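Here is what each chain is made of, one letter per residue.
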Amino acid sequence: VVLFDIAGAAPAEVDGLIFQLGLTRGALTPMLYYGRDHQAADAARRAAAVHGVRADLFGHVDAFEEYVLVADLVVAGPTTAHLGAYLCADRPVISWDAELQGTSLAEHGAVVVVALAALGDVLLHVGANGVPAEHVAAAVDQVSPTPNSDVAAGLATIWSQRGALR
């Protein structure tokens, strides 16, 4: 199960995300979270219809952490409102938010930043090889024009120490 946090994403970003999700040809079970952003939800419904993608959408819920715990992987957009919850729940996080590149979160491997145009390839690799952090990082290294082995190593370390981090 992959949780896509589209809250705060522009309609064009949501369309691009849904298009990239369509490239996975059903290899993943997507849940799209829009929070209270009904514009993002509407954009996701339109894009899903256009691109033939089937995904469950849900908005604000009181027990959001329970949804996070169900996810094997989180793909987050331009808002980091729930990033702490994702990391505390020990979920690998991929973001298409270029502003996260170069931050301490990305530099220390807490978040892997991927261009939206490359997300489909990354998700295909993750869907084929599993979702542990080392696979996410390996997928990013394979499709990124500027692979970052430090991020890959950081995610692998976080994944291997997940029990101690709780």
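Above this note sits the structure.
The rules behind each value
- Residues numbered from 1 in each chain as written.
- Predicted model: local features only at pLDDT ≥ 70, side-chain atom pairs only at ≥ 80, totals over all residues.
- Heavy atoms only, no water.
- Helix = DSSP H or I, 4+ residues; strand = E, 2+ residues; numbered from the N terminus.
- Buried < 20%, exposed > 50% of the residue type's maximum accessible area, 1.4 Å probe, protein only.
- Contact = heavy atoms within 4.5 Å.
- Areas by Shrake-Rupley, 256 points an atom, 1.4 Å probe, with all protein chains shown as cover.
- Salt bridge = Lys/Arg side-chain N within 4 Å of Asp/Glu carboxyl O.
- Expected span 1.5 Å × (residues − 1).
- Arc of directions from axis to C-beta.
- Polar contact = N/O pair within 3.5 Å; in protein donor to acceptor, adjacent residues only side chain to side chain.
- Phe/Tyr/Trp six-rings, centres within 6.5 Å; stacked < 30°, edge-to-face > 60°.

Structural notes on the overall build of the protein chain
For the protein chain, the helix and strand inventory stands at eight helices and six strands. Reading the protein chain from its N end, one meets helices and strands in the order β-α-β-α-β-α-β-α-β-α-β-α-α-α. A burial count over the protein chain gives 45% of its 166 residues as buried. Residue pairs in contact within the protein chain that sit at least 24 positions apart in sequence constitute 60% of those at least 6 positions apart. When the accessible surface of the protein chain is summed, it comes to about 8,000 Å², and 53% of that surface belongs to carbon and sulfur atoms.

A closer look at the pattern of salt bridges
Taken as a whole and judged by the stated rule, the model has one salt bridge. Its salt-bridge partner being Asp42, residue Arg45 comes within 3.3 Å of it at the nearest N-O pair. You can see Arg45 and its partner Asp42 sitting in helix H2 (residues 38-51), three residues apart, about one turn around the helix. For Asp42, a relative accessible area of 39% corresponds to the partly exposed category.

A few points about H2
Its 14 residues give H2 an end-to-end C-alpha distance of 20 Å, which sits within 8% of 20 Å, the value for a rise of 1.5 Å per residue. Of the positions making up H2, those classed as buried are Ala40, Ala41, Ala43, Ala44, Ala47 and Ala48. For H2, the angular spread of the buried residues around the axis is 160°, confining them to a single face. Facing away from the buried surface of H2 by more than 90 degrees, the exposed residues are His38, Gln39, Arg46, Ala49 and Val50. Of the surrounding secondary structure, the elements contacted by the buried residues of H2 are helix H1 (11-22), strand E2 (30-35) and strand E3 (56-59). Positive backbone phi, approximately 65°, marks Gly52, located one or two places after H2.

Concerning the environment of Tyr86
Mapped onto the secondary structure, Tyr86 falls in helix H4 (residues 83-88). Once the C-alpha coordinates of Tyr86 and Val111 are considered, the two residues, 25 residues apart in sequence, prove to be 10.0 Å apart.

Focus on the side chain of Arg91
Mapping Arg91 onto the fold places it in the loop between H4 and strand E5 (93-95). A polar contact is formed between the side chain of Arg91 and the backbone oxygen of Leu69, at a distance of 2.6 Å. If sequence neighbours within four positions are ignored, Arg91 has contacts with Val68, Leu69, Ala71, Asp72, Val74 and Tyr86.

Side note on the packing of aromatic side chains
All chains considered together, the criterion is met by four aromatic pairs. Between Tyr33 and Phe64, the ring centres sit 4.4 Å apart and the planes meet at 45°, which makes this aromatic pair tilted. With Tyr33 in strand E2 and Phe64 in helix H3 (residues 64-70), this pair connects stretches of sequence that are 31 residues apart. Tyr33 gets classed as buried once you look at its relative accessible area, which sits at 4%. Under the relative-accessibility criterion, Phe64 is labelled buried at 3%. Between Phe64 and Tyr86 the ring centres are 6.1 Å apart and the planes differ by 55°, which places this aromatic pair in the tilted class. One end of the pair, Phe64, is in helix H3; the other, Tyr86, is in helix H4, and 22 residues separate them in sequence. Here Phe64 and Tyr86 have matching classes, each one buried. Site record: aromatic cluster; members linked through ring pairs are Tyr33, Phe58, Phe64, Tyr67 and Tyr86.

Interpretation note: all reported values are geometric properties and have no functional meaning in isolation.
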